[in-house]
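Analysis of the macromolecular model
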Amino acid sequence: MDYKDLANMIFPDVKDISYYEEKYPRRELPEGAIVTRFAPSPTGFVHIGGLYQSVIAKKMANQTGGVFFLRIEDTDQKREVENGVTDIVTSLKEFGMAPDEGMIDDKNYIGNYGPYKQSLRKEIYQAYAKYLIEKGCAYPCFCKSEELEEMRNKQEAAKERTGYYGVWSKCRHIPVNEQIEKIKNGEEYILRFKSPGNPEKKIKHHDVIKGNVDFPENDQDIVIIKSDGLPTYHFAHAVDDHLMGTTHVIRGDEWLSSVPLHLQLFQVLGFKAPKYAHIAPIMKEDNGAKRKLSKRKDPEAAVSYYAEAGIPEAAVDEYLLNIANSNFEQWRRQNPDAKMEEFELQLNKMSVSGALFDMVKLLDISKRVISKYTAVEVYEKALAWARNHSEELKNLLENDKEYALKVLGIERGNVKPRRDIAKWSDVKDNIIYMYDEEFFKNEQQYEFQKINDKEEIRNIINSYIEKYYNPEDDKETWFSKIKDLSEEFGYARETKEYKQNPENYKGHVGDVSTVIRICLTARSNTPDMYEIMNVLGSESIIKRLQNAVKK
Ligand code: GLU
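All residue numbers refer to positions counted from 1 along the written sequence of the respective chain. Residue-level local features of this predicted model are given only where pLDDT is at least 70; pairs of side-chain atoms are given and counted only at 80 or more, and the full residue set underlies all totals for whole chains, interfaces and linings. Only hydrogens and water are set aside; all other atoms, that is, all heavy atoms of the structure, feed into the side-chain values.

What follows concerns helix 16 (residues 401–408). Restricting attention to buried positions, one finds in helix 16 the residues Y403, A404, V407 and L408. Buried residues of helix 16 fall within an arc of 135° about the axis and therefore sit on the same side. Buried positions along helix 16 lie against helix 14 (375–389), helix 15 (391–399), helix 17 (427–431) and helix 23 (529–536). Here the term buried applies to any residue with accessible area under 20% of the maximum for its type, exposed to any over 50%, and partly exposed to those in between, with areas from a 1.4 Å probe on protein chains only. Helical segments are the DSSP runs of H or I of at least four residues, strand segments are the runs of E of at least two, and each set is numbered from the N terminus. Read the arc as the range of directions from the helix axis to the C-beta atoms. Two residues qualify as a contact provided that any one of their heavy atoms is within 4.5 Å of a heavy atom in the partner residue.

This brings us to the sheet that holds strand 6 (residues 190–193). When DSSP finds two or more bridges between two strands, those strands count as paired. Across the sheet, three strands lie side by side as 5-6-9; this open sheet has antiparallel pairing. The open sheet has two edge strands, strand 5 (138–141) and strand 9 (223–225), and neither has a second partner. Each strand of the sheet is rotated relative to its neighbour by a mean of 45°, with strand direction disregarded. In the sheet, strand 6 pairs with strand 9 via two bridges, with the strands oriented antiparallel. Paired with L191 across the bridge in strand 9 is I225. Axis lines are fitted to C-alpha atoms, over the contacting stretch for helices. Their N-to-C directions set the angle, which ranges from 0 to 180 degrees.

Turning our eyes to something else, we now look at the packing of aromatic side chains. Note on aromatic pairs: the rings of Phe, Tyr and Trp (six-membered ring only in Trp) are paired at centre separations within 6.5 Å, and the planes decide the class, stacked below 30 degrees, edge-to-face beyond 60, tilted for the rest. All chains considered together, the criterion is met by 19 aromatic pairs. Pairing Y128 with F271 gives two aromatic rings, centres 5.6 Å apart and planes at 70°, and the pair type is edge-to-face. With Y128 in helix 5 (residues 122–134) and F271 in the loop between helix 9 (259–269) and strand 11 (275–279), the pair connects residues that are 143 residues apart, well separated along the chain. F271 gets classed as buried once you look at its relative accessible area, which sits at 8%. With a centroid separation of 6.3 Å and 20° between ring planes, the pair formed by Y373 and W424 is classed as stacked. In this pair, Y373 sits in the loop between helix 13 (359–371) and helix 14 while W424 sits in the loop between helix 16 and helix 17, placing the two residues 51 residues apart along the sequence. By the burial criterion, Y373 is buried, and W424 matches it. Here the aromatic cluster, defined as three or more aromatic residues joined through ring pairs, consists of F69, Y109 and Y116. Charge-over-ring contacts are defined here by two conditions on Lys NZ or Arg CZ: a distance within 6 Å of the ring centre and an angle within 35 degrees of the ring normal. Positioned over the ring face of Y19 is K15, at 4.8 Å from the centre of the ring.

By convention in this text, a residue qualifies as near a molecule or strand provided that one of its non-hydrogen atoms is within 4 Å of it. All residues adjacent to the ligand are R37, A39, S41, E73, Y233, R251 and W255. Polar contacts, as counted here, are pairs of nitrogen or oxygen atoms within 3.5 Å of one another; within protein the pair requires one atom able to donate a hydrogen and one able to accept it, and residues that are adjacent in sequence qualify only if both atoms are side-chain atoms. Within the side chain of W255, a nitrogen or oxygen atom sits 3.2 Å from an oxygen atom of the ligand. In the scheme used here, Gly and all other residues not listed as nonpolar or charged are polar, with Ala, Val, Leu, Ile, Met, Phe, Trp, Tyr, Cys and Pro taken as nonpolar and Asp, Glu, Lys and Arg as charged. Grouping the amino acids of the shell around the ligand by side-chain chemistry returns three nonpolar, one polar and three charged.

A negative phi angle characterises most non-glycine residues, just as the trans form characterises most peptide bonds. Cis geometry is adopted by the peptide bond preceding P115, which originates at G114 and carries an omega value of -5°. Within the secondary structure layout, P115 lies in the loop between strand 4 (109–110) and helix 5. With a phi angle near 55°, K159 is a residue other than glycine that sits in the positive phi range. Structurally, K159 is set in the loop between helix 6 (145–157) and helix 7 (176–184). Look at E411: it is not a glycine, yet its phi comes out positive at around 55°. Mapped onto the elements, E411 comes out in the loop between helix 16 and helix 17. Since its relative accessible area comes to 17%, E411 is described here as buried.

The span you would expect from a helix comes to 1.5 Å times its residue count less one. With 13 residues, helix 5 extends 18 Å from end C-alpha to end C-alpha; this agrees with the ideal 18 Å at 1.5 Å per step. Those residues of helix 5 not exposed but buried are I124, Y125, Q126, A127, Y128, A129, K130, L132 and I133. Phi turns positive, to about 75°, at G136, one or two residues after helix 5.

Here the focus is the nonpolar core. With 169 residues, the main nonpolar core has I56, Y128, I224, F235, L320, M434 and Y464 as its most contacted residues. Broken down by element, this core gets its largest block of residues, eight residues, from helix 3 (residues 48–64). Grouping buried Ala, Val, Leu, Ile, Met, Phe, Trp, Tyr and Cys residues that are joined through side-chain atoms within 4.5 Å yields what is termed a nonpolar core.

What follows covers the sheet that holds strand 4. Strand order in this open sheet of four strands is 1-2-3-4, and the pairing throughout is mixed. The outermost strands of the open sheet, each flanked by one partner alone, are strand 1 (35–38) and strand 4. Bridging between strand 1 and strand 2 (residues 67–70) involves four bridges; their strand directions are parallel. Bridging from a neighbouring strand, R37 pairs with F69 of strand 2. Helix-sheet contacts for helix 3 involve strand 1 and strand 2, and the interaxial angle to strand 1 is about 160°.

Structure, rendered in structure tokens:
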């Protein structure tokens, strides 16, 4: 009796690995192309860290002419939740991170290297496990969970490393004929890797992000196939990333310490190892200390949070690139209109320790992203958000689409577009004063600034209506009339003149236009007043100014 008999007995029906090696040929890609993947477990929660990984992985693949694929790692069936896969697929798509290959819903996939869901690849893993048994590199382990627990207690008491290795790897030393005998007798078992490692020796690893790291060799005989016939993460990782042709494993740095084991698996299986790029997690400041963004404590850890809050997906993507490479910000300054796809991401420029999540920064990016949208885009996106989150905004936008587009078009599409909207939930407050009904509904509170005297305000406004205001005026004429108005009341036509000789004036043109602005909008800070007046129209303007005078 030898290893071959043992292998045949355990897996009588699986195919030879040569079948899979042929079925999944090496990819023909341009030199330097990166093949990478996002490999989440479908737990029903899509973490921003997963999106971060996808943004990086997809970008690296795209910019090198490679492939980005989505593989679902569902070998831990206890953690499985309904719609877990669909949630992931939908989120990726929403954020513009749809993979080139992989699962497209719970059952279906695109690409030649599938299935891309581990529970559908059982016989593939078994073929490779059989191969390892034949080579004497894997063996059945009959230890019961109580035995393993007892072993662990002993190890802890003796302050030894825990795990199944060296003298502790009891089943490793059972002769083959005895193993066969036990299986024949119906004893339960799982399969373990027979590690060739010696922890006295070190391996040198070059991580694309973390740089050079040394580790002791792995000597743990880890489980490769569990009692349900499915592989463990480690074994599936080696088999899948080999067959799927992954060149770069881009993943969270909680896996960095598994590298010695993974490299060993690749070596014993006869596979070429991929490059590894271990990403530091996104952190959060909490009472002066740094911790990982937490699913339980931080709502912004869930990718679903952003759509709820009305932050555009494109802004989140751009923010994540910003965290990924610190030179992104400078690039953006130099290329304000470029698509983020044009930025060249470099893995080796990623920070080794975790970046802090900064909502202020994200919202600032979001303002910039939204400022680049056309009025129609803002309209549609804001309306889509409002349909689920704000009846009021929905009505405002839907009741008169044409007017809404004019309002949203104020200071848009020019060189310095308005940047006052960070999220769709800001829109209502940003535009509401442009609607007469809403404007007159609430008793407007006018907080005048420099010019405060009621009589003076009344006179300025009356004079403006009677002598200066003409809806036909172009911007230049309109402004020169406000200057004339200022002069009439003893205010400087130019701020500069005022600053040179303040004693000659009551104030300057800015103070006068503020009076008009406040009477028209009840706000001291608005986009361009000329544009606002054009959209409001003369009827509304006169009504608003007269209303202010009355009060
Ligand atoms: N399924 C693993 C996880 O959820 C993936 C790690 C990897 O990318 O290899 O963390």
